[in-house]
Amino acid sequence: MKITQFYPLPAALLLLAPGVQAENAPATLVVSAAPAPSGLSELETPAAVSVIGGDDMRRAAPQINLSESLGAVPGLQLLNRQNYAQDLQLSVRGFGSRSTYGVRGVRMYVDGIPATMPDGQGQTSNIDINSIDHVEVLRGPFSALYGNASGGVVNVETETGSQPTRVQASSYYGSYGTWRYGLKATGAVGDGTQPGDVNYAVSTTRFTTHGYRDHSSAQKNLANAKLGVRIDDLSTLTLIFNSVDIDANDPGGLTGDQWRSNPRQVASNVTLYNARKTVKQTQAGLRYQRAMNENNDLSVMVYAGERETVQYQSIPRAVQLASAQHPGGVIDLTRHYQGIDTRWTHRNQLAGIPLTLTGGLDYETMTEQRKGYQNFTSASDLGNKGALRRDERNLMWNVDPYLQTAWQLSDKLSLDAGVRFSTVNFDSNDRYITALNGDDSGNARYHKWLPAAALKYAATDAWNLYASAGRGFETPTINELSYRAGGINGLNVALQPAASDSVEIGSKTRIGNGLFSAALFQTETKNEIVVDQSSGGRSSYKNAGETRRRGIELALDQQFAYDWRLRMAWTLLDATYQSNACGDESCRGNRIPGIARNMLYAAFGYQPESGWYAGTDLRYMSNIAADDDNSAKAPAYTLVGLNSGYKWVQENWTLDLFGRVDNLFDRDYVGSVIVNESNGRYFEPAPGRNYGVGLSVSYAFQ
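Residues numbered from 1 in each chain as written. Predicted model: local features only at pLDDT ≥ 70, side-chain atom pairs only at ≥ 80, totals over all residues. Heavy atoms only, no water.

Undergrad: Even after reading the chapter, I still don't get the overall build of the protein chain, so can you show me in this structure?
TA: Helix and strand counts for the protein chain come out as six helices and 37 strands. Taking 27 Å as the expected radius of gyration for a compact globule of 702 residues, we find that the protein chain reaches 25 Å, a close match to that expectation. Projected onto the principal axes, the alpha-carbon positions of the protein chain cover approximately 70 × 55 × 50 Å. Within the protein chain, the fraction of its 702 residues that count as buried is 57%. Here the protein chain displays about 26800 Å² of accessible surface, and carbon together with sulfur accounts for 55% of that area. (Helix = DSSP H or I, 4+ residues; strand = E, 2+ residues; numbered from the N terminus. Rg over C-alpha atoms; globule rule 2.2 N^0.38 Å. Buried < 20%, exposed > 50% of the residue type's maximum accessible area, 1.4 Å probe, protein only. Areas by Shrake-Rupley, 256 points an atom, 1.4 Å probe, with all protein chains shown as cover.)

Undergrad: What's the story with the sheet that holds strand S4 (residues 106-110) in this structure? I'm lost.
TA: Hydrogen bonds between backbone atoms are what pair the strands of a sheet, whose relative direction is either parallel or antiparallel. The strand order across the open sheet built from five strands is S1-S6-S7-S4-S5, with neighbouring strands paired in mixed fashion. Two strands bound the open sheet, and with one partner strand each, they are strand S1 (48-53) and strand S5 (113-114). In the sheet, S1 pairs with strand S6 (residues 132-139) via six bridges, with the strands oriented antiparallel. Each residue of the ladder has a partner; that of Ser50, found in S6, is Val137. (Pairing = 2+ DSSP bridges.)

Undergrad: It is not clear to me how the environment of Asp128 should be interpreted in this structure. Could you clarify?
TA: Looking at the element boundaries, Asp128 is found in the loop between S5 and S6. Put simply, Asp128 and Val110 are 18 residues apart on the chain and 9.7 Å apart in space, counted from C-alpha to C-alpha. Contacts of Asp128, omitting those with residues within four sequence positions, involve Ser203, Thr205, Leu222 and Asn224. Side-chain polar atoms of Asp128 contact the side chain of Ser203, separated by 2.6 Å. (Contact = heavy atoms within 4.5 Å. Polar contact = N/O pair within 3.5 Å; in protein donor to acceptor, adjacent residues only side chain to side chain.)

Undergrad: How should I be thinking about the nonpolar core in this particular structure?
TA: Proteins that are soluble and globular tend to have nonpolar side chains buried together. Met57, Leu66, Leu70, Leu76, Ile132 and Val135 are the most contacted members of the largest nonpolar core, which has 25 residues in total. Where this core is concerned, the elements lending two or more residues are strand S2 (76-79), strand S3 (89-92), S4, S6, strand S7 (152-158) and strand S29 (598-606). Those residues in contact with Val135 that sit more than four places away from it in its chain are Ser50, Val51, Ile52, Met57, Leu70, Val154, Asn155 and Val156. Membership of the second largest hydrophobic core comes to 19 residues, among which are Met117, Phe426, Tyr446 and Phe473. (Core = buried A, V, L, I, M, F, W, Y, C linked by side-chain atoms within 4.5 Å.)

Undergrad: Any chance you could explain the packing of aromatic side chains here in plain terms?
TA: The geometry of an aromatic ring pair is captured by the separation of the ring centres together with the interplanar angle, meaning the angle of the planes. Counted under the stated rule, the structure contains 15 aromatic pairs. With a centroid separation of 5.0 Å and an interplanar angle of 50°, the aromatic rings of Tyr173 and Trp179 are classed as tilted. Since its relative accessible area comes to 41%, Tyr173 is described here as partly exposed. The partly exposed category is assigned to Trp179, whose relative accessible area is 41%. Within the aromatic cluster, the residues linked to one another by ring pairs are Phe560, Trp564, Phe604 and Tyr606. Against the face of Tyr373 rests Lys385, its NZ or CZ located 4.6 Å from the ring centre. (Phe/Tyr/Trp six-rings, centres within 6.5 Å; stacked < 30°, edge-to-face > 60°. Lys NZ or Arg CZ within 6 Å of the ring centre and 35° of its normal.)

Undergrad: Mind showing me how you'd approach the pattern of salt bridges here?
TA: Oppositely charged side chains can form a pair if their charged atoms are brought close together. All told, the structure shown has 33 salt bridges when counted by the stated rule. Between Arg104 and Glu480 there is a salt bridge, with the nearest N and O atoms lying 2.8 Å from each other. Residue Arg104 is found in the loop between S3 and S4, and its partner Glu480 is found in helix H6 (residues 478-481); the two are separated by 376 residues along the sequence. Each member of the pair, Arg104 as well as Glu480, is classed as buried. (Salt bridge = Lys/Arg side-chain N within 4 Å of Asp/Glu carboxyl O.)

Undergrad: How should the pairing of S6 be read in this particular structure?
TA: The side chains of a regular strand alternate, residue by residue, between the two faces of the sheet. Within S6, seven of the eight residues are buried, which leaves the element mostly enclosed by the surrounding structure. Here S6 runs beside S7; their pairing, made up of seven bridges, is antiparallel. What sits directly across from Leu138, in S7, is Val153.

What follows is the structure in structure tokens.
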């Protein structure tokens, strides 16, 4: 049985320690259509890194949300809102927990294309689990190769086609009318070593659900494709395509009393105004890699995409009419984004010390057309697009040169050090100006040096110790810059980026066919961005002074007795305000909302290559504060899941049939919270005991 815990780290994370090569890897980079044998393992990387394989993510799983399969990553809090209009709630070491939609504070990539926009806002909705090869999670700001994030990096790499050609059909049916079905084809012409060799991987997935809660039905169509061509003996070209189309109702949150009385209900305004959201996104990228000579390599990634979003909110008509400055209850947004990341790697020696030097330039830009409309046409016609209330053009761009070095100081000691200079620019042009709604145009520009360094000591061949330090950087998003407090016109240019300084020490030990890792960290942040005023659907933001996050992360991935596997992860995270964030002294020392202090995950399974298999998992989450005052909290919970299936392999055919039950003991719990929700509707309930069955059939053309 293949041992899955030691994966190479390509793409965004490969150059975290570019001077280290895997055992038996060639001295020079060999660019090929198939995955190269060089790279880094979790053991060798001098930072808190976890890698989850795609096969593990698909084993007896619905393959709908990343939250199903990333519980084994300590420090990663990934919560399912049960709301496909708002995406998953993802945070790393507490960064991103305050986001009411999308992903903040964490840099995300899919096949080298950023899933995070230049202002730091990202999403997971375009990730197709059916085609994932592996997911890498770097916790903390310990690489100079990315910017505008403090929590770390989530990097998704999809499958690269290889021989033989394989076609697969899969489906899943679960509680609450949940359907997922997909098709995938992978293959190659040639073995990737000759000019003209081609590899391909194409996947499509459709998902529909009635939803656990009232007014939470959704449907999503996904397509992902990758085509690689070996141009000559030294270079390859890879074309990447991705598309997603989402149509989802938005159930919103509940108050504590509403959740306890009926967790499936929604607030009355949700149905009255038919709160909903549609998203259409298409993007493409082209990656060129070339071994210039024995010591120099070049990589160029260019990409472009378009994202269209229309969201109908449940803001009451009276609230919108009460203020001429109100942006309305319908958001109509079109974004065009593009970028290029050019990277050069040089390997040599300096004073007899092996050195790898990586330099690059990352440029990203996004143009946004944002309009707001009333979500009514009259007192009797609610939930339809009405009069225009907002019209603006926003331009965001960043240009980041970076440099990273890796020094092999001795057989046991290595040093990685790098720096990135990040420049982020915002320019907003307000086109909706009336006598009572003044000009909100403006611009802002931010600069920050982002150093990072790590020292690793190899105590033995199977035990590494490391210490690292780095700086993170989070700019305000365009939404956070849009308004000033007190209804004053103009961009909120007084809002400053949040800057975080992190230190970490860690240990990684190979134990038989397993890996045990431990990390102890502390992050101090200045100018944390929080809500200043929220009134009538118009929110302004301010800097909250200082916060501190410190914690311990432990992880074990152990395979034994050939077919048995145990995975465990535990996180202890103390995240608090070190200065006032609420307008008085009451918030000093309070917990930062949206963050659990304790998380525990354990999964144990019998996983042979074929035949019967079975497994169980346990998840514990301590209580989560929902507001800055810590006056409302989602209770702690413990969940247990079971799965079992049969995998039949016969010549060219493979059939996998499984069933699973989640929340086995039917616990009532809150799946996630909406931090500082102005109406007190903080809680997004999760389902009780629920069931599902899945089937996949594949054929290999040999």
